[in-house]
Amino acid sequence: MQTTTLDERAIREAVTMTEAIDAVRRGFIDLARGEFEMPTRTALRNGQFLVMSAHHRSTASAMIKTLSVNFERKPAISGTVVWSEIGRLDHLVADAGAVTTLRTGAAVGVATDLLAAPEAARLTVIGAGGQAPDQVRAVHAVRPLRRLTVVDTDERRAHALVDGLAPELAGVELRAATDPESAVREAEIVCCATNATSPLFPESALPAHVHVNAIGAYRPTMRELPDELLATSTVVVDEMQAILEESGEIIHALEAGAITQDALTELGAALTATSAEYGKRTVFKTVGVAVQDWAIAHLLADKFLP
């Protein structure tokens, strides 16, 4: 038996964002078709320790991710992703931080490609932490950008992210800001990647036609979006059970009567729908599910295991 261990650099060199988006898209489609056995993740110490697992029936493969989350340290996410197959003795162990940011970005790429206007090219990212770079890369992969605005309460962090991404975004107008409400007014796509516990902007600040991705809030006590936005938008979620247990935005809106569960559509179902019409405002809410990690681990296993 051989165990292959991959650090962040090896993962980044091996997997492009386009590959990750395609793999995660296939994963969500297989999830909708019942190909996965995927229990809701275990959260300990109020979400500071997370354990996620998924079994893909047709390939007899499984992934288990364990990690710790601490927003006071860098990187905030630390842990391992372990890949196993029934038909192969060899295993793969990968850095969970790199896999998590890559697969979260990829899910946003899938949703943005499905829900954002074809011509959308102005992106506002709120939050300049560890998840933000892959949010930008994923959106840029499916909707080539003309303008990027990065918002953070710490203006230096916003500028640092803009400067760091500049070599990858030739020809894109780059801005840094500190006020989310102003920054979303002209956006065509918004990505929220914070650990906020209350909405980042009022619904009225958004333009009439916009797509919003919300990836930061993954516990019931966290919340990035206002009820009014969810009530007036087409809302697509990653996986219903996980969302109803963990998404502060959705839980709050349901309890307030702003939305009903029937108004929520799973991403896999939306991807496999024969025809669908979406309103001018669309929202993708994800708390992160194990099928995303499985999809990236599958790519890595194909590339690195004999």
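The structure this text deals with has already been given above.
What counts and what doesn't
Residue positions are counted from 1 within each chain, in the order its sequence is given. Reporting in this predicted model follows two pLDDT cut-offs: at least 70 for local features of residues, and 80 or more for side-chain atom pairs to be given and counted; totals over whole chains, interfaces and linings ignore these cut-offs and use all residues. Based on all heavy atoms of the structure, the side-chain values leave hydrogens and waters out of the count. Helix and strand assignments come from DSSP, with helices taken as H or I runs of at least 4 residues and strands as E runs of at least 2, each series counted from the N terminus. Partly exposed describes any residue whose relative accessible area lies between the buried limit of under 20% and the exposed limit of over 50%, with all areas from a 1.4 Å probe on protein chains only and scaled to the type maximum. In this text, buried Ala, Val, Leu, Ile, Met, Phe, Trp, Tyr and Cys residues form a nonpolar core when linked through side-chain atoms within 4.5 Å. For this analysis, residues touch if any pair of their heavy atoms sits within 4.5 Å. DSSP-based pairing: two strands are paired if at least 2 bridges between them are found. Orientation is described by axes fitted as lines to C-alpha atoms, over the contacting stretch for helices, and by angles from 0 to 180 degrees between their N-to-C directions. Within 3.5 Å is the distance limit for a polar contact, defined as a pair of N or O atoms, with the added protein rule that one can donate a hydrogen and the other accept it, and that residues adjacent in sequence qualify only through two side-chain atoms.

## Considerations on the overall build of the protein
Item 1. Of regular secondary structure, the protein possesses 11 helices and 15 strands.
Item 2. Once the C-alpha set of the protein is aligned to its principal axes, its extents read approximately 55 × 45 × 40 Å.
Item 3. Evaluated residue by residue, the protein yields a buried proportion of 55% over its 306 residues.

## Some remarks on the nonpolar core
Item 1. Core analysis: the biggest nonpolar cluster contains 83 residues, and Val190, Phe201, Val212, Leu225 and Leu300 have the highest contact counts within it.
Item 2. Once you skip the residues sitting within four places of it in the chain, valine 190 turns out to touch Leu123, Thr124, Ile126, Val184, Phe201, Leu206, Val210, His211, Val212 and Asn213.
Item 3. By size, the runner-up hydrophobic cluster in this structure holds 23 residues, among which are Ala116, Val125, Ala158 and Ala193.

## Observations regarding helix α4 (residues 132-142)
In an α-helix there are 3.6 residues to a turn, and that puts residues three or four apart on one side.
Item 1. The buried fraction of α4 amounts to 8 of the 11 residues, a majority that puts the element mostly inside the structure.
Item 2. Among all positions in α4, only Ala132, Pro133, Asp134, Gln135, Val136, Ala138, Val139 and Val142 are buried.

## Focus: the sheet that holds strand β11 (residues 189-192)
Item 1. Pairing within the open sheet is parallel, and its 8 strands lie in the order β10-β9-β8-β11-β12-β15-β13-β14. If you trace the sheet from one side to the other, it starts and ends with β10 (173-177) and β14 (264-266), each paired once. Going from strand to strand, the sheet's axes swing by 20° on average, the running direction of each strand aside.
Item 2. Examined bridge by bridge, strand β12 (residues 210-214) and strand β15 (residues 281-285) share 5 bridges and lie parallel to one another. Counted as the bridge partner of alanine 214 is lysine 285 from β15.
Item 3. Strand contacts of α4: β8 (122-126), β9 (147-151) and β11, with the helix running at about 165° to β8, the strand carrying the most contacts.

## Let's talk about the side chain of threonine 194
Item 1. Along the chain, threonine 194 turns up in the loop between β11 and β12.
Item 2. From its side chain, threonine 194 meets the backbone nitrogen of alanine 196 in a polar contact 3.2 Å long.

Functional significance is not addressed by these values, which are geometric in nature.
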